[in-house]
Amino acid sequence: MDKKCIVIFMNEDAAQTYNGKPLMLQDALFCPVLNWCMRAWMKKGVMRFFVVCDGAYSEEVLACVPQGAAALVGSEEDYRRDIGEFAAGRWVEEIREAMMPVGSMMLSFHTVPELIRLQQAVKEDIAVFHQNTGVNVLDIDSTYIDPRVTIGAGTTILPGTILRGHTVIGAGCEIGPNAMIVDCEIGDGCVVNASQAYESVLGRQVQVGPYAHIRPHCQVGDGCKVGAYVEIKNAVFGRGTKLSHLTYVGDADVGSGVNFGCGSSREHAPIALKASGASCVIAKTFARIFYRNSINIGFPILECPEAVDGISAGDQVSVDFGTGMIVNETTGASFQAAPFPAFVNGIIEHGGLLKSLKARGVAK
């Protein structure tokens with residue numbers, strides 16, 4: 001029952017905390033101690049808090065207040081004047097030293113080194129709590145989990161993983177090894193391998209990594225892949241889109257089923273296709289570097305999503321590169337792609353850029 005109002009005094013010597021903040025605003029496992037305490041007290045039915053501190057810390061204190069709690073911040077004079085109305089008949093308990101919840105107890109501390117020792121104790125408590133709810137924390141010693149994090153049953157947390165902020169991880173995921181996730185929402189069945197993600201939302205069955213970087217404000221749809229050395233920021237990706245590796249996408253809205261090519265400055269990919277006997281490639285999209293390399297070796301490629309969807313294996317196809325017209329001779333269906341400019345047609349007709357330059361007398 002909500003029968004108590006707790007008053008927290010943060011008036012200790014802040015100089016001993018190295019960064020100048022009161023002890024109750026120091027972080028333990030990335031979470032301010034004040035938030036730890038308020039959540040622990042709320043579990044015991046306390047819903048009202050008055051924090052007495054320097055006005056410079058007001059915003060930071062209010063940011064620590066858990067959802068559902070009522071809180072006021074002010075000076076000691078404010079406290080004496082307003083506590084009667086704020087407490088509204090509740091019993092008032094004053095807390096005049098820094099405290100940290102450890103198990104079922106509230107332990108006081110007076111220095112940062114003492115807090116660090118308490119942090120080690122609660123670190124194991126958090127991991128054990130998640131293990132008891134069906135989460136497989138493989139190595140407690142090398143795993144760091146913020147107390148505000150939520151993890152679904154059946155998820156495996158591999159060594160070297162750091163989970164921070166209000167991160168929510170679904171069921172049946174595999175996180176790590178060596179992953180950092182901050183304030184993210186991750187759907188069921190995701191894999192995040194040796195990567196970092198910040199302030200973003202991942203759908204179900206998303207694969208990330210290794211060595212990917214998901215920067216803030218990304219929305220990654222179900223079944224997407226964010227592969228090795230991929231970096232994304234402030235972008236939306238539809239269902240099933242794949243960024244295999246070595247790709248950067250920022251400030252973008254990408255549809256479903258898009259496949260980002262793996263960029264390379266080498267011409268081996270189009271050379272291999274041409275050497276195999278292919279006379280043309282039609283695809284929904286091409287990486288620009290692949291497109292340019294193909295033209296440079298005189299290998300024609302066309303972008304036409306409708307043709308890709310309307311042509312089946314074994315169909316006979318004819319292409320007019322001058323007009324961009326693609327005809328499925330087997331079914332009679334026709335599709336319009338963007339035609340090549342005249343200078344590109346010239347490169348293809350001569351068998352590549354170098355041969356084209358030689359024919360024009362520009363190169364030897």
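The rules we used
In this numbering scheme, every chain counts its residues from 1 along its sequence in written order. Local features in a predicted model are, by the rule used here, given only for residues with pLDDT of at least 70; side-chain atom pairs are given and counted only at 80 or more, and totals for whole chains, interfaces and linings are based on all residues. For side-chain calculations, the full set of non-hydrogen atoms in the structure is used, while hydrogens and water are omitted. Residues forming no salt bridge and having over 30% relative accessible area are the ones grouped into patches, like charges within 9 Å of each other and nonpolar side chains (Val, Leu, Ile, Met, Phe, Trp, Tyr) within 5 Å. Here the accessible surface of atoms and residues is derived via Shrake-Rupley with a 1.4 Å probe, and residues count as covered only by protein chains that are part of the display. When a carboxyl oxygen of Asp or Glu lies within 4 Å of a side-chain nitrogen of Lys or Arg, that pair is called a salt bridge. Where helices and strands are cited, they refer to DSSP runs of H or I of at least four residues and of E of at least two residues respectively, numbered from the N terminus. Think of it in three bands: with a 1.4 Å probe and only protein chains considered, a residue is buried below 20% of the maximum accessible area for its type, exposed above 50%, and partly exposed in between. Contact between two residues is taken to exist if any of their heavy atoms lie within 4.5 Å; hydrogens are not considered. Stacked, tilted and edge-to-face are the three classes applied to pairs of Phe, Tyr and Trp rings, where Trp contributes its six-membered ring and a pair requires centres within 6.5 Å; stacked means planes under 30 degrees apart, edge-to-face means over 60, and tilted covers the rest. Either the NZ atom of lysine or the CZ atom of arginine qualifies as a charge over a ring when it sits within 6 Å of the ring centre and within 35 degrees of the ring normal. Grouping buried Ala, Val, Leu, Ile, Met, Phe, Trp, Tyr and Cys residues that are joined through side-chain atoms within 4.5 Å yields what is termed a nonpolar core. Two strands form a pair only when DSSP identifies at least two bridges running between them. Note on geometry: axes are C-alpha line fits, over the in-contact stretch for helices, and angles between N-to-C directions span 0 to 180 degrees. Between N or O atoms, a polar contact is any pair within 3.5 Å; within protein, one atom must be a potential hydrogen donor and the other a potential acceptor, and residues adjacent in sequence are included only when both atoms are from side chains.

## Some thoughts on a nonpolar patch on the surface
Together, Tyr211, Tyr229 and Leu246 give the surface a local cluster of nonpolar side chains, amounting to about 370 Å² of exposed area. Mapped onto the elements, Tyr229 comes out in the loop between strand S24 (225–228) and strand S25 (231–233).

## Remarks on helix H6 (residues 288–296)
What H6 keeps buried is the set Phe290, Asn293, Ser294, Ile295 and Asn296. Looking at the buried residues of H6, the elements they touch are helix H5 (268–275), strand S32 (301–303), helix H8 (342–349) and helix H9 (353–359). Positive backbone phi, at 75 degrees, marks Gly298, one or two positions downstream of H6.

## Some thoughts on the packing of aromatic side chains
By the definition in use, this model includes seven aromatic pairs. Measuring from ring centre to ring centre gives 6.1 Å for Trp41 and Phe49, while their planes differ by 35 degrees; the resulting arrangement is tilted. Accessibility assignment for this pair places Trp41 and Phe49 in one class, buried. Ring plane angle 80 degrees and centroid distance 6.1 Å describe the contact between Phe50 and Phe86, whose orientation is recorded as edge-to-face. One end of the pair, Phe50, is in strand S4 (residues 48–52); the other, Phe86, is in helix H3 (residues 76–87), and 36 residues separate them in sequence. Through a chain of ring-to-ring contacts, the aromatic side chains of Phe9, Phe50, Tyr79 and Phe86 assemble into a single cluster. The cationic tip of Arg48 hangs over the ring face of Phe86; the distance from NZ or CZ to the ring centre is 5.2 Å. Sitting over the ring of Tyr144, Lys123 keeps its end group 4.7 Å from the ring centre.

## Observations regarding the nonpolar core
Soluble globular proteins: nonpolar side chains tend toward being buried together. The biggest cluster of nonpolar side chains holds 70 residues, and the ones touching the most others in it are Ile8, Met100 and Ile232. Listed by contribution, the elements that provide at least two residues to this core are strand S1 (4–9), helix H1 (33–43), S4, strand S7 (99–102) and helix H4 (112–132). Ranked by residues supplied to this core, first place goes to H1 with seven residues. Leave out the neighbours within four places in its chain, and Ile8 touches Met24, Leu34, Met38, Trp41, Phe49, Phe50, Val51, Val52 and Ile95.

## Quick word on the sheet that holds strand S33 (residues 317–320)
The antiparallel open sheet is built from three strands, whose spatial order is S33-S34-S35. What marks the edges here is a single partner per strand, and that holds for S33 and strand S35 (334–336). The average undirected angle you get between the axes of adjacent strands in this sheet is 15 degrees. Direction of pairing for strand S34 (residues 325–328) relative to S35: antiparallel, over a ladder of three bridges. Residue pairing in the sheet places Met325 in a bridge with Gln336 of S35.

## Digging into the sheet that holds strand S9 (residues 136–137)
With parallel pairing, the eight strands of this open sheet are ordered in space as S9-S12-S15-S18-S21-S24-S27-S30. Of all strands in the sheet, those bounded by a partner on one side alone are S9 and strand S30 (259–260).

## Some remarks on unusual backbone geometry
Across the junction of Gly176 and Pro177, the peptide omega takes the value 0 degrees, indicating a cis bond. In this structure, Pro210 follows Gly209 across a cis peptide bond, with omega equal to 5 degrees. The backbone of Phe30 shows a phi angle near 75 degrees, a positive value even though the residue is not glycine. Structurally, Phe30 can be placed in the loop between strand S2 (27–28) and strand S3 (31–32). On the basis of relative accessible area, Phe30 is assigned to the partly exposed category, the value being 25%. With phi around 55 degrees, Leu246 is a residue other than glycine that occupies positive phi space. Residue position: Leu246 is located in the loop between strand S27 (242–245) and strand S28 (248–250). Residue classification places Leu246 among the exposed positions, given a relative accessible area of 52%.

## Observations concerning the pairing of S1
The element S1 is largely enclosed, with a buried count of five among its six residues. Bridging between S1 and strand S6 (residues 91–95) involves five bridges; their strand directions are parallel. Bridge pairing in S6 links Ile8 to Ile95.

## A few points about the side chain of Asn328
Mapped onto the secondary structure, Asn328 falls in strand S34. For Asn328, a relative accessible area of 0% puts it in the buried group. One polar contact links the side chain of Asn328 to the main-chain carbonyl oxygen of Gly310, over a distance of 3.4 Å. Apart from residues no more than four positions distant in its own chain, Asn328 is found in contact with Gly310, Ile311, Asp315, Gln316, Ala333 and Phe335.

## Digging into H1
With nine of its 11 residues buried, H1 lies for the most part within the structure. The set of residues buried in H1 consists of Val33, Leu34, Asn35, Trp36, Cys37, Met38, Ala40, Trp41 and Met42. Following H1 by one or two positions, Gly45 adopts a phi angle in the positive range, close to 100 degrees.

## As for the side chain of Asn345
Tracing the chain through its elements places Asn345 in helix H8. Non-local contacts of Asn345, meaning those with residues more than four positions away in its chain, are made with Phe321, Gly322 and Phe340.

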